[in-house]
Amino acid sequence: MSETRHLRWRAGQSAADDRVIPEETAIAFTYNGSTHAVMMASPADLEDLAVGFSLGEAIIDEAGQIEAIDAVAVPDGIDLRIWLSAERAAGLIERRRHVAGPTGCGLCGIDSLAAAMRPPPAVGPGIVLTPGQVAEALDSLPPAQHWGRISRAMHAAAFWHPARGLVLLREDVGRHNALDKLAGGLARAGINAADGVLVITSRVSIEMVQKAARIGVSVMIAVSAPTALAVRMAEAAGLTLIAIARADGFEIFTRPDRVPAAEQGMAG
(Lines give C-alpha, C1' and ligand atoms only; values in the text may rest on other atoms or scores of the structure.)
Protein backbone atom coordinates (compact mmCIF):
# COMPACT_ATOMS: atom_id res chain seq x y z
CA MET A 1 0.00 0.00 0.00
CA SER A 2 1.05 3.59 -0.62
CA GLU A 3 -0.19 6.90 0.71
CA THR A 4 -0.70 9.71 -1.78
CA ARG A 5 -1.44 13.41 -1.41
CA HIS A 6 -4.32 14.46 -3.62
CA LEU A 7 -7.02 17.04 -4.15
CA ARG A 8 -10.45 16.09 -2.80
CA TRP A 9 -13.63 17.71 -4.16
CA ARG A 10 -16.77 17.13 -2.12
CA ALA A 11 -19.97 19.15 -1.58
CA GLY A 12 -18.73 21.91 -3.84
CA GLN A 13 -15.48 22.44 -1.94
CA SER A 14 -11.90 21.31 -2.48
CA ALA A 15 -9.19 20.43 0.01
CA ALA A 16 -5.83 18.68 0.09
CA ASP A 17 -6.09 15.18 1.50
CA ASP A 18 -4.18 11.92 1.97
CA ARG A 19 -5.39 8.54 0.76
CA VAL A 20 -4.05 5.00 0.98
CA ILE A 21 -4.03 3.33 -2.43
CA PRO A 22 -2.99 -0.21 -3.41
CA GLU A 23 0.24 -1.10 -5.12
CA GLU A 24 0.03 -2.87 -8.47
CA THR A 25 3.15 -4.75 -9.52
CA ALA A 26 4.22 -6.85 -12.48
CA ILE A 27 4.65 -10.42 -11.26
CA ALA A 28 6.57 -12.94 -13.37
CA PHE A 29 5.87 -16.62 -12.72
CA THR A 30 9.14 -18.43 -13.42
CA TYR A 31 9.22 -22.22 -13.22
CA ASN A 32 12.60 -23.90 -12.88
CA GLY A 33 14.29 -20.97 -14.59
CA SER A 34 11.84 -20.28 -17.45
CA THR A 35 9.11 -17.63 -17.44
CA HIS A 36 5.60 -18.98 -17.89
CA ALA A 37 3.38 -15.93 -17.36
CA VAL A 38 3.45 -12.26 -16.37
CA MET A 39 0.52 -10.43 -14.78
CA MET A 40 -0.28 -7.46 -12.60
CA ALA A 41 -1.07 -8.17 -8.95
CA SER A 42 -0.82 -6.82 -5.42
CA PRO A 43 2.63 -7.71 -4.01
CA ALA A 44 1.36 -9.55 -0.92
CA ASP A 45 0.78 -13.22 -0.05
CA LEU A 46 3.01 -14.15 -2.97
CA GLU A 47 3.66 -17.73 -1.85
CA ASP A 48 -0.09 -18.31 -1.73
CA LEU A 49 -0.37 -16.76 -5.20
CA ALA A 50 2.38 -19.02 -6.53
CA VAL A 51 0.68 -22.15 -5.23
CA GLY A 52 -2.84 -21.10 -6.19
CA PHE A 53 -1.87 -20.04 -9.71
CA SER A 54 0.05 -23.28 -10.21
CA LEU A 55 -2.94 -25.31 -9.07
CA GLY A 56 -5.37 -23.30 -11.19
CA GLU A 57 -3.22 -23.73 -14.30
CA ALA A 58 -2.88 -27.48 -13.62
CA ILE A 59 0.90 -27.06 -13.46
CA ILE A 60 0.74 -28.97 -10.18
CA ASP A 61 -1.85 -31.26 -8.61
CA GLU A 62 -0.93 -30.53 -5.00
CA ALA A 63 1.13 -27.98 -3.10
CA GLY A 64 3.81 -30.56 -2.23
CA GLN A 65 4.92 -30.69 -5.87
CA ILE A 66 6.49 -27.26 -5.41
CA GLU A 67 9.91 -27.64 -3.80
CA ALA A 68 10.71 -23.95 -3.23
CA ILE A 69 9.36 -20.45 -3.89
CA ASP A 70 11.53 -17.33 -4.04
CA ALA A 71 10.09 -13.85 -4.54
CA VAL A 72 12.92 -11.79 -6.04
CA ALA A 73 12.61 -8.04 -6.54
CA VAL A 74 13.78 -6.97 -9.99
CA PRO A 75 13.82 -3.48 -11.58
CA ASP A 76 10.41 -3.85 -13.26
CA GLY A 77 8.57 -5.86 -10.62
CA ILE A 78 8.87 -9.20 -8.85
CA ASP A 79 10.16 -12.46 -10.24
CA LEU A 80 8.26 -15.24 -8.50
CA ARG A 81 10.70 -18.14 -8.89
CA ILE A 82 8.95 -21.45 -8.41
CA TRP A 83 10.91 -24.68 -8.29
CA LEU A 84 8.97 -27.80 -9.22
CA SER A 85 9.71 -31.44 -8.55
CA ALA A 86 11.50 -33.18 -11.42
CA GLU A 87 8.32 -34.96 -12.52
CA ARG A 88 6.21 -31.80 -12.71
CA ALA A 89 9.02 -29.82 -14.34
CA ALA A 90 9.28 -32.41 -17.11
CA GLY A 91 5.55 -32.18 -17.77
CA LEU A 92 5.67 -28.40 -17.96
CA ILE A 93 8.30 -28.41 -20.68
CA GLU A 94 5.68 -29.65 -23.16
CA ARG A 95 3.28 -26.80 -22.51
CA ARG A 96 5.57 -23.93 -21.55
CA ARG A 97 4.71 -20.63 -23.14
CA HIS A 98 5.39 -16.95 -22.52
CA VAL A 99 2.19 -15.03 -21.77
CA ALA A 100 1.65 -11.41 -20.72
CA GLY A 101 -1.75 -10.69 -19.19
CA PRO A 102 -3.61 -7.62 -17.90
CA THR A 103 -4.56 -7.07 -14.28
CA GLY A 104 -6.01 -10.26 -12.83
CA CYS A 105 -5.83 -12.18 -16.10
CA GLY A 106 -7.95 -15.27 -15.62
CA LEU A 107 -6.84 -17.16 -18.72
CA CYS A 108 -3.09 -16.69 -18.67
CA GLY A 109 -1.39 -19.69 -20.22
CA ILE A 110 -4.41 -20.69 -22.32
CA ASP A 111 -3.62 -21.00 -26.01
CA SER A 112 -6.74 -22.57 -27.51
CA LEU A 113 -10.51 -22.15 -27.43
CA ALA A 114 -10.91 -25.76 -26.32
CA ALA A 115 -8.60 -25.23 -23.35
CA ALA A 116 -10.43 -22.06 -22.33
CA MET A 117 -13.81 -23.80 -22.43
CA ARG A 118 -12.79 -27.11 -20.85
CA PRO A 119 -15.17 -27.93 -17.95
CA PRO A 120 -13.46 -28.26 -14.56
CA PRO A 121 -13.75 -31.47 -12.54
CA ALA A 122 -17.22 -32.00 -11.08
CA VAL A 123 -17.50 -30.94 -7.45
CA GLY A 124 -18.48 -33.46 -4.78
CA PRO A 125 -21.78 -33.76 -2.90
CA GLY A 126 -20.92 -30.64 -0.94
CA ILE A 127 -22.71 -29.09 1.99
CA VAL A 128 -26.25 -27.95 2.74
CA LEU A 129 -26.88 -24.40 3.95
CA THR A 130 -29.73 -22.39 5.37
CA PRO A 131 -30.50 -18.92 4.00
CA GLY A 132 -29.26 -17.58 7.32
CA GLN A 133 -25.88 -19.25 6.84
CA VAL A 134 -25.60 -17.74 3.36
CA ALA A 135 -26.17 -14.32 4.90
CA GLU A 136 -23.70 -15.07 7.69
CA ALA A 137 -21.00 -16.04 5.19
CA LEU A 138 -21.57 -12.84 3.24
CA ASP A 139 -21.60 -10.67 6.37
CA SER A 140 -18.25 -12.09 7.50
CA LEU A 141 -16.36 -10.42 4.66
CA PRO A 142 -16.51 -6.64 5.29
CA PRO A 143 -14.92 -6.69 8.76
CA ALA A 144 -12.05 -8.83 7.43
CA GLN A 145 -11.35 -6.78 4.29
CA HIS A 146 -8.65 -4.64 5.85
CA TRP A 147 -7.05 -3.29 2.68
CA GLY A 148 -10.28 -3.14 0.73
CA ARG A 149 -11.89 -1.06 3.45
CA ILE A 150 -8.98 1.39 3.52
CA SER A 151 -8.34 1.70 -0.22
CA ARG A 152 -11.75 0.95 -1.79
CA ALA A 153 -9.79 -0.70 -4.60
CA MET A 154 -9.24 -4.35 -3.63
CA HIS A 155 -11.16 -7.53 -4.38
CA ALA A 156 -11.47 -10.27 -1.78
CA ALA A 157 -11.97 -14.03 -1.88
CA ALA A 158 -12.76 -15.86 1.35
CA PHE A 159 -13.41 -19.35 2.69
CA TRP A 160 -16.22 -19.66 5.20
CA HIS A 161 -17.03 -22.78 7.26
CA PRO A 162 -20.46 -23.40 8.85
CA ALA A 163 -18.93 -24.31 12.21
CA ARG A 164 -15.78 -22.15 12.17
CA GLY A 165 -16.94 -19.00 10.45
CA LEU A 166 -14.50 -17.08 8.28
CA VAL A 167 -11.41 -19.25 8.01
CA LEU A 168 -9.25 -17.46 5.44
CA LEU A 169 -9.44 -14.31 3.30
CA ARG A 170 -7.11 -12.93 0.64
CA GLU A 171 -7.17 -9.56 -1.12
CA ASP A 172 -5.77 -8.31 -4.42
CA VAL A 173 -6.38 -5.65 -7.06
CA GLY A 174 -7.33 -8.51 -9.39
CA ARG A 175 -10.31 -10.75 -8.60
CA HIS A 176 -8.63 -13.78 -10.19
CA ASN A 177 -5.49 -13.14 -8.16
CA ALA A 178 -7.47 -12.90 -4.93
CA LEU A 179 -9.02 -16.29 -5.66
CA ASP A 180 -5.65 -17.81 -6.59
CA LYS A 181 -4.18 -16.51 -3.34
CA LEU A 182 -7.05 -18.04 -1.40
CA ALA A 183 -6.62 -21.36 -3.22
CA GLY A 184 -2.92 -21.35 -2.41
CA GLY A 185 -3.53 -20.47 1.22
CA LEU A 186 -6.03 -23.29 1.60
CA ALA A 187 -3.71 -25.80 -0.05
CA ARG A 188 -0.70 -24.78 2.02
CA ALA A 189 -2.73 -25.02 5.23
CA GLY A 190 -4.15 -28.42 4.29
CA ILE A 191 -7.74 -27.16 4.53
CA ASN A 192 -10.39 -29.24 2.77
CA ALA A 193 -12.31 -26.72 0.67
CA ALA A 194 -15.21 -29.15 0.23
CA ASP A 195 -16.20 -28.49 3.85
CA GLY A 196 -16.98 -24.82 3.32
CA VAL A 197 -18.14 -22.00 1.07
CA LEU A 198 -16.32 -19.62 -1.27
CA VAL A 199 -17.33 -15.96 -1.00
CA ILE A 200 -16.11 -13.34 -3.50
CA THR A 201 -16.62 -9.59 -3.83
CA SER A 202 -16.68 -9.50 -7.62
CA ARG A 203 -18.82 -10.53 -10.55
CA VAL A 204 -18.74 -14.18 -11.59
CA SER A 205 -17.01 -15.00 -14.87
CA ILE A 206 -16.31 -18.41 -16.34
CA GLU A 207 -12.73 -18.34 -15.04
CA MET A 208 -13.92 -17.71 -11.49
CA VAL A 209 -16.24 -20.72 -11.70
CA GLN A 210 -13.46 -22.89 -13.13
CA LYS A 211 -11.10 -21.87 -10.33
CA ALA A 212 -13.79 -22.43 -7.68
CA ALA A 213 -14.51 -25.93 -8.94
CA ARG A 214 -10.79 -26.78 -9.00
CA ILE A 215 -10.53 -25.68 -5.37
CA GLY A 216 -13.24 -28.20 -4.57
CA VAL A 217 -15.92 -25.99 -3.03
CA SER A 218 -19.53 -26.87 -3.79
CA VAL A 219 -21.05 -23.45 -3.04
CA MET A 220 -19.90 -20.09 -4.38
CA ILE A 221 -21.40 -16.80 -3.14
CA ALA A 222 -20.78 -13.56 -5.03
CA VAL A 223 -21.93 -10.01 -4.42
CA SER A 224 -22.31 -9.32 -8.15
CA ALA A 225 -24.02 -11.04 -11.05
CA PRO A 226 -22.69 -13.96 -13.11
CA THR A 227 -22.27 -14.12 -16.85
CA ALA A 228 -24.43 -16.57 -18.81
CA LEU A 229 -21.37 -18.65 -19.61
CA ALA A 230 -20.42 -18.79 -15.92
CA VAL A 231 -23.88 -20.13 -15.09
CA ARG A 232 -23.58 -22.85 -17.73
CA MET A 233 -20.12 -23.81 -16.46
CA ALA A 234 -21.34 -23.92 -12.85
CA GLU A 235 -24.20 -26.17 -13.90
CA ALA A 236 -21.80 -28.49 -15.72
CA ALA A 237 -19.53 -28.68 -12.66
CA GLY A 238 -22.39 -29.30 -10.22
CA LEU A 239 -21.53 -26.07 -8.37
CA THR A 240 -24.18 -24.13 -6.46
CA LEU A 241 -23.83 -20.55 -7.71
CA ILE A 242 -25.34 -17.88 -5.46
CA ALA A 243 -24.95 -14.32 -6.74
CA ILE A 244 -26.25 -10.77 -6.34
CA ALA A 245 -26.00 -11.46 -2.62
CA ARG A 246 -27.05 -8.48 -0.56
CA ALA A 247 -28.26 -7.74 2.94
CA ASP A 248 -31.85 -8.28 1.82
CA GLY A 249 -31.29 -11.62 0.08
CA PHE A 250 -29.61 -13.46 -2.78
CA GLU A 251 -30.28 -15.28 -6.04
CA ILE A 252 -29.46 -18.94 -6.73
CA PHE A 253 -28.60 -19.69 -10.35
CA THR A 254 -27.57 -23.36 -10.17
CA ARG A 255 -28.08 -26.34 -7.84
CA PRO A 256 -30.55 -24.73 -5.40
CA ASP A 257 -30.89 -28.10 -3.64
CA ARG A 258 -27.95 -27.14 -1.41
CA VAL A 259 -30.12 -24.37 0.08
CA PRO A 260 -33.30 -26.45 0.51
CA ALA A 261 -35.30 -23.79 2.39
CA ALA A 262 -34.88 -21.39 -0.50
CA GLU A 263 -35.61 -24.12 -3.04
CA GLN A 264 -38.87 -25.00 -1.27
CA GLY A 265 -39.89 -21.37 -1.36
CA MET A 266 -39.25 -21.29 -5.11
CA ALA A 267 -41.32 -24.45 -5.61
CA GLY A 268 -44.17 -22.91 -3.67
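Keep in mind that this is a model prediction, so the values were computed, not measured.

A short note on the nonpolar core
- In terms of nonpolar packing, the biggest core is built from 27 residues, with Leu 182, Leu 198, Ile 200, Val 204, Met 220 and Leu 239 touching the most fellow members.
- The set of elements that each furnish at least two residues to this core consists of β8 (155–161), α7 (175–189), β10 (197–200), α8 (206–215), β11 (219–222), α9 (228–237) and β12 (240–246).
- The dominant element in this core, judged by the number of residues it contributes, is α8, at five residues.
- Once residues within four sequence positions are removed from consideration, Leu 198 is found in contact with Ala 158, Leu 179, Leu 182, Ala 212, Val 217, Val 219, Met 220 and Ile 221.

Regarding the environment of Glu 171
- Relative to the helices and strands, Glu 171 resides in strand β9 (residues 165–172).
- Glu 171 sits 127 residues away from Ala 44 along the chain, and the two C-alpha atoms are 8.5 Å apart.
- With sequence-adjacent residues up to four places away left out, Glu 171 is seen in contact with Ala 144, Gln 145, His 146, Trp 147, Gly 148, Met 154, His 155, Ala 156, Ala 178 and Lys 181.
- Polar side-chain contacts of Glu 171 include one of 3.5 Å to the backbone nitrogen of His 146.

Brief notes about the sheet that holds strand β13 (residues 249–254)
- Strand order in this open sheet of six strands is β9-β8-β10-β11-β12-β13, and the pairing throughout is mixed. Only two strands of the sheet have a single neighbouring strand rather than two, namely β9 and β13. Direction aside, neighbouring strands of the sheet carry axes that sit 20 degrees apart on average.
- Pairing of β8 with β9, which is carried by seven bridges, proceeds in the antiparallel orientation. When the bridges of β9 are listed, Ala 158 appears paired with Leu 169.
- Along the sheet, α7 contacts β8, β9 and β10; its crossing angle with β9, the most-contacted strand, is approximately 135 degrees.

A few points about the side chain of Arg 175
- Note that Arg 175 resides in helix α7.
- As a buried residue without a salt bridge, Arg 175 has its nearest oppositely charged side chain in Glu 207, at a separation of 4.7 Å.
- Discounting chain neighbours no more than four positions away, the residues touching Arg 175 are His 155, Ser 202, Arg 203, Ser 205 and Met 208.

Some details on the pattern of salt bridges
- Taken as a whole, this structure holds nine salt bridges when the rule is applied.
- The salt bridge partner of Arg 170 is Asp 45, with a shortest N-O separation of 3.7 Å. In this pair, Arg 170 is assigned in strand β9 and Asp 45 in the loop between β4 (34–41) and α1 (46–56), connecting sequence segments 125 residues apart.
- Under the relative-accessibility criterion, Arg 170 is labelled buried at 15%.
- For Asp 45, a relative accessible area of 36% corresponds to the partly exposed category.
- Ionic pairing is found between Arg 88 and Asp 61, a salt bridge with its closest N-O pair at 3.1 Å. One end of the pair, Arg 88, is in helix α2 (residues 86–93); the other, Asp 61, is in the loop between α1 and β5 (66–74), with 27 residues separating them in the sequence.
- Residue classification places Arg 88 among the buried residues on the basis of a relative accessible area of 17%.
- We classify Asp 61 as exposed; its relative accessible area is 57%.

Here we look at the pairing of β13
- Of the strand pairs in this sheet, β12 and β13 are connected by four bridges, and their pairing is antiparallel. Looking at the pairing, Arg 246 lines up with Gly 249 of β13.
- Between β12 and β13, which pair antiparallel one after the other, the connecting turn spans two residues.

What about the packing of α7 against α8?
- With their axes 10 Å apart at the nearest point, α7 and α8 run at an angle of 0 degrees to one another. In terms of orientation, α7 and α8 fall into the roughly parallel class. Contact residues: Arg 175, His 176, Leu 179, Asp 180, Ala 183 and Leu 186 in α7; Glu 207, Met 208, Lys 211, Ala 212 and Ile 215 in α8.
- Split into classes, the residues belonging to the contact of α7 with α8 amount to six nonpolar, one polar and four charged.

Procedures and definitions
- Residues numbered from 1 in each chain as written.
- Predicted model: local features only at pLDDT ≥ 70, side-chain atom pairs only at ≥ 80, totals over all residues.
- Heavy atoms only, no water.
- Core = buried A, V, L, I, M, F, W, Y, C linked by side-chain atoms within 4.5 Å.
- Buried < 20%, exposed > 50% of the residue type's maximum accessible area, 1.4 Å probe, protein only.
- Helix = DSSP H or I, 4+ residues; strand = E, 2+ residues; numbered from the N terminus.
- Contact = heavy atoms within 4.5 Å.
- Polar contact = N/O pair within 3.5 Å; in protein donor to acceptor, adjacent residues only side chain to side chain.
- Pairing = 2+ DSSP bridges.
- Axes fitted to C-alpha atoms, helices over the stretch in contact; angles between N-to-C directions.
- Lys, Arg positive; Asp, Glu negative; His and termini not counted.
- Salt bridge = Lys/Arg side-chain N within 4 Å of Asp/Glu carboxyl O.
- Parallel < 35°, antiparallel > 145°, perpendicular 65-115°, else oblique.
- Nonpolar A, V, L, I, M, F, W, Y, C, P; charged D, E, K, R; others polar.

By themselves, these are just geometric observations and shouldn't be taken as functional.
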